[in-house]
Amino acid sequence: MNRQYGYCRISTGRQNIERQVRNIQSTFPDAVIVKEVYTGTKFQGRKELDKILDKVQSGDTIIFDSVSRMSRDAEDGYKLYEKLFRKGISLVFLKEPHINTETYKKAMANQIALTGDKVDLILEGVNHYLMELAKEQIRLVFEQAEKEVSDLHQRTKEGIETARLNGKQIGQPKGATYETQKAKAAKEIIRRHNKSFGGSLSDAETMRQAGISRKSLYKYKRELLEDMA
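Thresholds applied
- Residues numbered from 1 in each chain as written.
- Predicted model: local features only at pLDDT ≥ 70, side-chain atom pairs only at ≥ 80, totals over all residues.
- Heavy atoms only, no water.
- Helix = DSSP H or I, 4+ residues; strand = E, 2+ residues; numbered from the N terminus.
- Buried < 20%, exposed > 50% of the residue type's maximum accessible area, 1.4 Å probe, protein only.
- Contact = heavy atoms within 4.5 Å.
- Expected span 1.5 Å × (residues − 1).
- Phe/Tyr/Trp six-rings, centres within 6.5 Å; stacked < 30°, edge-to-face > 60°.
- Pairing = 2+ DSSP bridges.
- Axes fitted to C-alpha atoms, helices over the stretch in contact; angles between N-to-C directions.
- Arc of directions from axis to C-beta.
- Left-handed = near helix turned anticlockwise from the far one by under 90°.
- Nonpolar A, V, L, I, M, F, W, Y, C, P; charged D, E, K, R; others polar.

1. Points about the environment of Ile138
(1) Moving on: Looking at where Ile138 falls in the secondary structure, it is placed in helix α6 (residues 119–165).
(2) Moving on: What makes Ile138 buried here is its relative accessible area of 2%.
(3) Moving on: For the pair Ile138 and Glu82, spaced 56 residues apart in the sequence, the C-alpha separation amounts to 9.6 Å.
(4) Moving on: The residues contacting Ile138, other than those within four sequence positions of it, are Tyr78, Tyr81, Ile99 and Tyr104.

Printed below as a string of structure tokens:
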């Protein structure tokens, strides 16, 4: 039985993988959905995709929301496409249907029949041209996906540099520590109500009211005293 795999990938936690899932299931409701969160540019090392590639067989189908989900590196993506095509694996790209393997197969099937005479020299050249044209279409799509990633990285880099030149703090200052809202609230309770700061609550009572451990209490006390020094 031929199997269908829908491969969904996001590269950051801010992205929503369910959008890709919906897109695939709307066209291939029986596809086995495989999800992956990966922050990289090449298909090597994508564990879930590798699992699909290890078990996929001739006649099976892998569906991607877009070609960038398969690979954002043009050369690696094209090589993987060719490898799977030659194994008889069907590839579907919802946003770039013109490079689905079915389209590639049609280009091969539509080759001009040879006649058995000298005209074949011309016809062979035409057939070779048609195949190279189909290959070039596939390669161009992968190159475009790679370029989009490169452009995004460049815009991000330029945006950070612009912000830095305008005096904005990028990231956490060196040596600074991140303080949560809970920590701030606990410190305020300690400062106002703990006996060490003129309040009426004992350490045990302060810990219960602030909802913190003894270790955190002593840590926050020390930080408060340092701020007052």
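2. Description of helix α4 (residues 74–86)
(1) Moving on: In this model, α4 (13 residues) spans 18 Å end to end at C-alpha, consistent with the 18 Å of a helix rising 1.5 Å per residue.
(2) Moving on: All buried positions along α4 are accounted for by Ala74, Asp76, Gly77, Tyr78, Leu80, Tyr81, Glu82, Leu84 and Phe85.
(3) Moving on: Count one or two residues on from α4 and you reach Gly88, which has phi positive near 85 degrees.

3. Here we look at the packing of aromatic side chains
(1) Moving on: On inspection of all chains with the given rule, the structure shows three aromatic pairs.
(2) Moving on: Consider the rings of Phe64 and Phe93, whose centres lie 5.5 Å apart with planes at 15 degrees: the pair is stacked. Of the two residues, Phe64 sits in strand β3 (residues 61–64) while Phe93 sits in strand β4 (residues 90–93), which places them 29 residues apart along the sequence.
(3) Moving on: The exposure class of Phe93 is buried, given its relative accessible area of 0%.
(4) Moving on: Ring geometry for Tyr81 and Phe93: centres 6.2 Å apart, planes at 15 degrees, overall stacked. Taken together, the residues span a long stretch of sequence, with Tyr81 in helix α4 and Phe93 in strand β4 at a distance of twelve residues. Phe93 carries the same exposure label as Tyr81, and that label is buried.

4. Remarks on the sheet that holds β4
(1) Moving on: Sheet architecture is open: four strands sit in the order β2-β1-β3-β4, paired in parallel fashion. Here the strands that pair on one side only, and so sit at the sheet edges, are β2 (32–37) and β4. With strand direction ignored, the average angle separating the axes of adjacent strands in the sheet is 20 degrees.
(2) Moving on: Across four bridges, the pairing between strand β1 (residues 4–10) and β3 is parallel. From the neighbouring strand, Tyr7 faces β3, where its bridge partner is Phe64.
(3) Moving on: In the packing of helix α1 (residues 18–27) onto the sheet, the strands contacted are β1, β2 and β3, and the crossing angle to β1 comes to about 155 degrees.

5. Side note on the environment of Ile189
(1) Moving on: Of note, Ile189 is situated in helix α7 (residues 181–193).
(2) Moving on: On a C-alpha basis, the gap between Ile189 and Gly199 in space is 9.6 Å, while along the polypeptide they are ten residues apart.

6. Some points on the pairing of β1
(1) Moving on: For β1, the buried fraction is high: six of the seven residues fall into the buried class.
(2) Moving on: Where β1 lies against β2, six bridges are found, and the strand directions are parallel. Bridge assignment links Ile10 to a residue of β2, and that residue is Val37.

7. Description of helix α8 (residues 203–210)
Spacing of three or four residues puts side chains on the same side of an α-helix, whose turn is 3.6 residues.
(1) Moving on: If you check which residues of α8 are buried, you get Thr206, Met207 and Ala210. Here the buried residues of α8 occupy an arc of 100 degrees about the axis, which is enough to place them on one side.

8. Quick notes on the packing of α7 against α8
For any two helices packed against each other, the geometry comes down to the angle between their axes and how far apart the axes lie.
(1) Moving on: Contact geometry of α7 with α8 gives a least axis separation of 9 Å together with a crossing angle of 145 degrees. Handedness of the crossing formed by α7 with α8: right-handed. For the pair formed by α7 and α8, the contact residues are Ala186, Ile189, Ile190 and His193 on the first element and Thr206, Gln209 and Ala210 on the second.
(2) Moving on: Counted by class, the contact of α7 with α8 contains four nonpolar, three polar and no charged residues.

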